Amino acid sequence: MADATGAGYFPPPGPSYGPGYGMTFHERIQSSIGRNITVYIGDVATPVRGVLHAVGANYLEVHRTVNNTMEVVLIPLHAVVAIV
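Values in this document were obtained by computation on a predicted structure and should not be read as measured data.

**Comments concerning the environment of valine 48**
As for its position among the elements, valine 48 is in strand 2 (residues 46–55). In this structure the C-alpha to C-alpha distance between valine 48 and isoleucine 83, which are 35 residues apart in sequence, comes to 9.6 Å. If near-sequence neighbours (up to four positions away) are discounted, valine 48 is found in contact with Ile37, Thr38, Val39, Ile41, Val62, Arg64, Val73 and Ile75.

**A few points about the nonpolar core**
Membership of the largest hydrophobic core is limited to 12 residues, which are Ile29, Ile37, Val39, Val48, Leu52, Val55, Leu60, Val62, Val73, Ile75, Leu77 and Val80. Within the residue set of this core, elements represented by two or more residues are strand 1 (36–41), strand 2, strand 3 (59–66) and strand 4 (69–76). Looking at which element gives the most residues to this core, the answer is strand 2, with three residues. Beyond its immediate stretch of four places on either side in the chain, valine 39 contacts Thr46, Pro47, Val48, Leu60, Val62, Ile75, Val80, Ala82 and Ile83.

**Here's the deal with the pattern of salt bridges**
For the structure shown, the criterion picks out one salt bridge. When the shortest N-O distance is used, the salt bridge between arginine 64 and glutamate 71 registers 3.0 Å. The class for arginine 64 is partly exposed, based on a relative accessible area of 29%. Residue glutamate 71 is classed as partly exposed on the basis of its relative accessible area, which comes to 29%.

**A few points about the side chain of threonine 38**
Mapped onto the fold, threonine 38 is located in strand 1. Threonine 38 gets classed as buried once you look at its relative accessible area, which sits at 13%. Beyond its immediate sequence surroundings of up to four residues, threonine 38 is in contact with Pro47, Val48, Arg49, Ala82, Ile83 and Val84.

Procedures and definitions
Residues numbered from 1 in each chain as written. Predicted model: local features only at pLDDT ≥ 70, side-chain atom pairs only at ≥ 80, totals over all residues. Heavy atoms only, no water. Helix = DSSP H or I, 4+ residues; strand = E, 2+ residues; numbered from the N terminus. Contact = heavy atoms within 4.5 Å. Core = buried A, V, L, I, M, F, W, Y, C linked by side-chain atoms within 4.5 Å. Buried < 20%, exposed > 50% of the residue type's maximum accessible area, 1.4 Å probe, protein only. Salt bridge = Lys/Arg side-chain N within 4 Å of Asp/Glu carboxyl O.

Written out as structure tokens, the structure is:
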């Protein structure tokens, strides 16, 4: 009988990977796309406020308006301290 943990076995796609596992950090953030958020980044927790536009494998894309100009801010996930 083949071992289920051998080569070629991957967990099924979706929000849950079996008993005891919940949604991943990436999946939880994706549920907030289109909402106004504040992302705190770096060691001093610098706030970035705007609309969450996209979530990549290792980044967040936040659109914010400064002086009537829309800016796109790409934030690496490893720099995120908190999201409100």
